[in-house]
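# Fold and geometry: a report
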Amino acid sequence: MVTDYKKTNPNLESPIYHPFFLHPGQEGVQSFREHVNIVRDKLEQVFLHADRPFAGKTPEEIQRELHSIMTLSKETETLEHTLDELFDPVLLNSLHISHEKSLAHLHCPPLISGVVTELMIGALNQSMDSWDQSPAATYMEQALVHQLAMLMNLPQSSDGVFTSGGTQSNYMGMLLARDDYCQSRWQHNVQTDGLPNQWNRMRILCSEEAHFSVQKSASQLGMGEKSVVPIPCDSHHRMKESKVKEKLKQLKEEKLIPIAIVATCGTTDYGSIDPIEELAEIAQKHNLWLHVDAAYGGGLIFSHSYVQKVAGIHLADSITLDFHKLCYQPISCGLFLLKEREHFRYLSHHADYLNPKEDDQEGIVNLVNKSVQTTRRFDALKVFVTIKTLGTNLLGSMIDHTIELTQYTAEYLRRKDNFVVENGDPELSTVVFQYQINDSINLNELNRSIQQTLFHQGEAVISKTSVRGKVYLKFTLLNPRTTKKDIREVVSEIERTGNEIANGGMFA
Ligand SMILES: *Cc1c(COP(=O)(O)O)cnc(C)c1O
């Protein structure tokens, strides 16, 4: 039944808003149950009938369907009515990321443990900025961060904080690297005094395959994108340590000031892992900050067979890790770790209303002191519930499954005549390849067209990237439910589509 709330004449003595809040007492609980059941019902319909990763609509079609429901209403409606309206345009037109043939980006199928914990996170709505807004959550996040740091062999002096993802974590790493350099070398406090005169000469070294958020951070931090020096990679797409050494020498000759090295542990395209231990040695020798961007590869800490790939990660000054990639959590769920917790001081600012200095003296923990955010989600709960219920063994097996499936996929493609595999010996869970039917055809157009055709058919979602200026196709295999058979079917669909396009003479 829809109540017309305009006619109910609310007054300050008898609030009428009960059904809308999950509040203490029977009424709130009853209303909550009804609402959850409605949502569960709709989601069941979506997941019972989603037989393809994508409905295959065009951007125009999707916008047109959305248009009809986008008028905002003054009147009250039932949740059921609202969800009915958006069922087709939004729920059915979403990318069904949990489908076994959804293989495009570093975008994972979420574990049920994470999905249902999202409901708890929202219902409790703790805010992680000050202890009095998250009395238990603050300490749970702290304790979980500590355990994860210990799992990675970081020292007792380490600390960390949950973030919105890899971009934010990388930004924090670059910010602390900058501020620590200025403070320790020049006794210059960036927090109070802004950038030092040398801002124009500061440099950050990273792989040419590093994530673009390194550049973005440098630009936001006032050093400019030009402060990021890309280092060439070897044939396995790993940053060459010899080139790092050469570059450091050259920069110093040019009177430029290297402040940090970023090692990528799992590049976005190839999953390649820079030589962390060697880079740590170089960073130590030159007294530079080492940031390890393990947004993708960090999940390997749970792996049974491949944990060795992240050896040396504990040598980093700061680390980026995303649980919404290889650890199957709903977005958003990132972690930033720091070897020396005292470096968080560059981020802290005391506000009388929120985190007064006295709190520190009284031992009250206000996590806002460690974050670039103020109000912040209790994402740590998802990770905790997942690890507690699945156990690290099962989580590790899932990760191993995807890596082994990726090795199978690369091998399978390599054996075929018409495929060239760029990373034939994949490090993590991506395979980059090109379909090459014959020389008389424009392979860039062909591969681009294969990817798009598959997307619009909706049967399989794969991605494309560029390899030395050429269009290649890419699988990112994050779903532990994807099987060899799924892979063979998608590959044969690529072949069929490729032949059809080629024989149609479109790109001759
Ligand atoms: C995905 C990714 C990022 C960015 O992380 P977000 O969570 O998308 O902000 C950074 N670095 C690497 C290597 C990544 O793969």
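All values derive from a computational prediction rather than experimental measurement.

We now examine the pairing of strand β10 (residues 463-467). Of the two faces of β10, only the one carrying Ser 463, Thr 465 and Val 467 is buried; Lys 464 and Ser 466 on the other face are not. Pairing of β10 with strand β11 (residues 470-476) involves five bridges; the strand directions are antiparallel. Bridge pairing in β11 links Lys 464 to Leu 473. Between β10 and β11, which pair antiparallel and follow one another directly, the connecting turn spans two residues, one of which, Arg 468, has a positive phi of 45 degrees.

Among the 14 residues in the neighbourhood of the ligand, the closest are listed as Thr 167, Asp 293, Asp 322, His 324 and Lys 325. In this structure, Asp 293 approaches the ligand through a side-chain N or O atom, which is 2.6 Å from a nitrogen atom. Burial of the ligand by the surrounding chains reaches 86%, relative to a free accessible area of 380 Å². Looking at the shell around the ligand, the element that brings in the most residues is helix α6 (residues 166-186), giving three residues. By residue class, the composition of the shell around the ligand is two nonpolar, nine polar and three charged.

Before going further, it helps to examine the packing of aromatic side chains. Counting across every chain of the model gives eight aromatic pairs. Both rings, one in Phe 162 and one in Phe 323, keep their centres 5.9 Å apart while their planes meet at 20 degrees; by these two values the pair is stacked. Of this pair, Phe 162 sits in strand β1 (residues 159-163) while Phe 323 is found in the loop between β6 (318-322) and β7 (334-338), placing the two residues 161 residues apart along the sequence. Taken individually, Phe 162 and Phe 323 each receive the classification buried, so the pair is uniform in this respect. Joined through ring pairs, the aromatic side chains of Phe 419, Phe 433, Tyr 435 and Phe 475 make up one cluster.

For the rest of this paragraph, the subject is the nonpolar core. Phe 162, Val 244, Ile 261, Leu 290, Val 292, Phe 302 and Phe 323 are the most contacted members of the largest nonpolar core, which totals 64 residues. If one sorts the elements of this core by residue count, helix α12 (residues 380-414) sits on top with nine residues. When residues of this core are assigned to domains, at least three map to each of domain 2 (157-348) and domain 3 (391-503). Contact partners of Val 292, with chain neighbours within four places excluded, come to Ala 263, Cys 265, Ile 276, Ile 313, Ala 316, Ser 318, Ile 319 and Thr 320. Residues Met 172, Ala 177, Cys 182 and Phe 336 belong to the second largest nonpolar core, which totals 28 residues.

Where strands meet in a sheet, backbone hydrogen bonds hold them as pairs that are either parallel or antiparallel. Pairing is mixed across the open sheet formed by seven strands, whose spatial order is β1-β7-β6-β5-β4-β2-β3. Each edge of the open sheet carries a strand with a single partner, namely β1 and β3 (228-231). Strand after strand, the sheet turns through a mean of 20 degrees between neighbouring axes, direction not considered. In terms of strand pairing, strand β5 (residues 289-294) meets β6 through four bridges, oriented parallel.

Let us now look at helix α3 (residues 79-92). At Leu 86, α3 shows its largest kink, close to 60 degrees, and the proline Pro 89 lies no more than four residues downstream. Each element contacted by the buried residues of α3 is listed here: α1 (26-49) and α2 (59-67).

Okay, the domain arrangement of the protein next. Accessible area lost on assembly of the parts is the figure often given for the size of an interface. Splitting the protein by domain gives domain 1 (5-96), domain 2 (157-348) and domain 3 (391-503). Of note, the centres of domain 1 and domain 2, computed from C-alpha atoms alone, are 42 Å apart.

It is generally the case that most residues other than glycine have a negative phi and that most peptide bonds are trans. Going from Ile 331 to Ser 332, the amide bond is cis rather than trans, its omega being 0 degrees. Inspection of the secondary structure puts Ser 332 in the loop between β6 and β7. Unusually for a residue other than glycine, Asn 125 sits at a positive phi of about 45 degrees. One can find Asn 125 in the loop between α4 (112-124) and α5 (135-151). Although it is not a glycine, Arg 468 adopts a positive phi angle of roughly 45 degrees.

Our next topic: the side chain of Asn 355. Within the fold, Asn 355 resides in the loop between β7 and α11 (357-361). Polar side-chain contacts of Asn 355 include one of 2.7 Å to the side chain of Asn 369. For Asn 355, the residues in contact, after removing those within four places along its chain, are His 349, His 350, Asn 366, Val 368 and Asn 369.

Tallied over the entire structure, the rule returns 29 salt bridges. In this structure, the salt-bridge partner of Lys 370 is Asp 159, at a minimum N-O distance of 2.9 Å. Linking Lys 370 in the loop between α11 and α12 with Asp 159 in strand β1, this pair joins segments that are 211 residues apart in sequence. Classification of Lys 370 as buried rests on a relative accessible area of 7%. Salt bridges sharing partners connect three or more residues here, namely Glu 118, Arg 377, Asp 379 and Lys 382.

On to the packing of α12 against helix α14 (residues 484-503). Taken N-terminus to C-terminus, the directions of α12 and α14 make an angle of 35 degrees; their axes are 10 Å apart at the nearest point. Relative to α14, α12 is oriented so that their crossing is right-handed. Two secondary-structure elements touch here, α12 through Leu 405, Tyr 408, Thr 409, Tyr 412 and Leu 413 and α14 through Lys 484, Ile 487, Arg 488 and Val 491. Of the residues assigned to the contact of α12 with α14, the class counts are six nonpolar, one polar and two charged.

What follows is about the state of the cysteines. Here, the word disulfide means a covalent bond between the sulfur atoms of two cysteines. Under the defined criterion, the tally for this structure stands at zero disulfides. The thiol of Cys 233 is unpaired, and the distance to the nearest cysteine sulfur, on Cys 206, comes to 9.4 Å. Unpaired in this structure, Cys 265 has its nearest cysteine sulfur neighbour in Cys 327, at a distance of 12 Å. By relative accessible area, which is 0% here, Cys 265 ends up buried.

Before going further, it helps to spend a moment on a nonpolar patch on the surface. A cluster of nonpolar side chains, contributed by Tyr 17, Phe 20 and Phe 21, occupies part of the molecular surface with about 360 Å² of accessible area. Here Phe 21 is to be found in the segment before α1. Judged by its relative accessible area of 55%, Phe 21 falls in the exposed class.

Definitions and cut-offs
- Residues numbered from 1 in each chain as written.
- Predicted model: local features only at pLDDT ≥ 70, side-chain atom pairs only at ≥ 80, totals over all residues.
- Heavy atoms only, no water.
- Buried < 20%, exposed > 50% of the residue type's maximum accessible area, 1.4 Å probe, protein only.
- Helix = DSSP H or I, 4+ residues; strand = E, 2+ residues; numbered from the N terminus.
- Pairing = 2+ DSSP bridges.
- Near = heavy atom within 4 Å.
- Polar contact = N/O pair within 3.5 Å; in protein donor to acceptor, adjacent residues only side chain to side chain.
- Areas by Shrake-Rupley, 256 points an atom, 1.4 Å probe, with all protein chains shown as cover.
- Nonpolar A, V, L, I, M, F, W, Y, C, P; charged D, E, K, R; others polar.
- Phe/Tyr/Trp six-rings, centres within 6.5 Å; stacked < 30°, edge-to-face > 60°.
- Core = buried A, V, L, I, M, F, W, Y, C linked by side-chain atoms within 4.5 Å.
- Domains from an automatic or database assignment.
- Contact = heavy atoms within 4.5 Å.
- Axes fitted to C-alpha atoms, helices over the stretch in contact; angles between N-to-C directions.
- Bend = angle between axes of the 7 residues up to and from the residue.
- Salt bridge = Lys/Arg side-chain N within 4 Å of Asp/Glu carboxyl O.
- Left-handed = near helix turned anticlockwise from the far one by under 90°.
- Disulfide = S-S within 2.5 Å.
- Patch = residues over 30% accessible without salt bridge, like charges linked within 9 Å, V, L, I, M, F, W, Y side chains within 5 Å.

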